[in-house]
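Below, each chain spelled out in residue letters.
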Amino acid sequence: MIGNDVVDLKVAALESNWMRPGFLDKVFSEEEQEVILNSENKSQMVWLFWSMKEAAYKIYVQQCGLRIFNPKKLRCERLSENKGLVHFNGYKYATKSEITTDFINTWAYLETSVNALIHCFKITDSLYKTQSLAARQKLLKSFSEIKKVSEVDLEIRSRKNNVPRLFYKGYEQRDSFSIAHHGFYGAYAISFLLPILNFNTQPLC
Amino acid sequence: MEKEVLIAQLKTIVQPYIQDEEAFNNLSENTDFVKDLKINSANLVDVILDVEEVFDIFIENADMEKMISVKAAMDIINEKLAAK
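Residues numbered from 1 in each chain as written. Chains lettered and ligands numbered in written order. Predicted model: local features only at pLDDT ≥ 70, side-chain atom pairs only at ≥ 80, totals over all residues.

What to know about the overall build of chain B
Point 1. When its secondary structure is counted, chain B shows five helices and zero strands.
Point 2. Reading chain B from its N terminus to its C terminus gives the helix and strand order α-α-α-α-α.
Point 3. Here the C-alpha coordinates of chain B stretch approximately 35 × 25 × 20 Å along the principal axes.
Point 4. In chain B, which comprises 84 residues, the share counted as buried stands at 32%. (Helix = DSSP H or I, 4+ residues; strand = E, 2+ residues; numbered from the N terminus. Buried ≥ 20, exposed ≤ 12 C-beta atoms within 10 Å, placed from the backbone.)

Things to note about the sheet that holds strand β1 (residues 2-8) of chain A
All names here are of chain A.
Point 1. Overall, antiparallel pairing links the five strands, which are arranged β1-β5-β4-β3-β2 in an open sheet. Lying at the two open borders of the sheet, with one neighbouring strand each, are β1 and β2 (75-78). Taken over all neighbouring pairs, the strand axes of this sheet differ in orientation by 25° on average, direction set aside.
Point 2. Two elements, β1 and strand β5 (residues 103-109), share seven bridges in a ladder whose sense is antiparallel. Considered in β5, the bridge of D8 is made with F103.
Point 3. Sheet strands touched by helix α4 (residues 42-64): β1, β2, β3 (83-88), β4 (91-99) and β5. Its angle to β1, the strand with the most contacts, is close to 150°. (Pairing = 2+ DSSP bridges. Axes fitted to C-alpha atoms, helices over the stretch in contact; angles between N-to-C directions. Contact = placed C-beta atoms within 7 Å.)

Comments concerning the interface of chain A and chain B
Point 1. Tallying the contact residues gives 18 residues for chain A and 18 residues for chain B.
Point 2. Elements with a minimum of two residues in the side of chain A that touches chain B: α1 (9-15), α2 (23-27) and α4 of chain A.
Point 3. A per-element tally of the side of chain A that touches chain B places α2(A) first, with three residues.

Things to note about α4(A)
Point 1. Spanning 23 residues, α4(A) covers 33 Å between terminal C-alpha atoms, matching the ideal 33 Å at 1.5 Å per step.
Point 2. One or two positions beyond α4(A), positive phi appears at G65(A), with a value near 70°. (Expected span 1.5 Å × (residues − 1).)

A closer look at the packing of helix α1 (residues 3-14) of chain B against helix α3 (residues 41-55) of chain B
Pairs of packed helices are described in terms of their axes, by the angle between the two and the distance that separates them.
All names here are of chain B.
Point 1. Two numbers describe how α1 lies on α3: the axes approach to 10 Å, and their chain directions differ by 130°. Classified by the interaxial angle, the pair formed by α1 and α3 is oblique. In this structure, α1 meets α3 at a crossing whose hand is right-handed. On α3, the residues touching Q9, I13 and V14 of α1 are V47, D50, V51 and V54.
Point 2. The residue inventory of the contact of α1 with α3, partitioned by class, reads five nonpolar, one polar and one charged. (Parallel < 35°, antiparallel > 145°, perpendicular 65-115°, else oblique. Left-handed = near helix turned anticlockwise from the far one by under 90°. Nonpolar A, V, L, I, M, F, W, Y, C, P; charged D, E, K, R; others polar.)

Structure (structure tokens):
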């Protein structure tokens, strides 16, 4: 299973004031706050931790179907500049991040070896609807190319708990994927089940 | 607090963060902050902090955890106000 998150750093600086009293304490553990406050680029560390938590949370929702809002409970551990672990409810999620001066793109995964495809791209329009549509279209195109089927037969539908799923000719597929967009950036992450060209053609329970 | 009054106050609080006008105009008890109003999750922290300021209450993380809809937020605000 895979989850992802993208943060447009310039837009985040305008939209969210993490220095607002109470903000850090609602989101980060004491240890995380210490790392943030001692780092050279505090904003970057805030959004790196945030994206790690968010990407890991997106796997948790796929696993458990439960939506909650408690980022503080997801504990970040940094292994290197761009690799980390997120601990939550007894699960351990590995994360990797692409960190630039403009954006942070993080993906989290459960399995030690995943056949993952990660893509982060710029979107010229920051309107939510345009972004969401653009990200989904890119994801479908990618699915159709890799699975060698027509885009017409593929569809993304969201489950009740807001988890998007891939459908092929009306049948839900088991491949795990995650879509994110923020500001002027969109991203997706797909974890393919092997063999990639196999399709499920029965209702999933 | 009266339901309509509370919903109106919450509506004012969430307005700066919403990304779906239509869902905002139709805001009701059943509205979901993320799924319907498309509030980004970092701004959901701002919503919680604004709620704390406006109602002069403190929301522990265990309560915040449930605050993903208008209804859940109303329940927690009422609970905190009653305990004051």
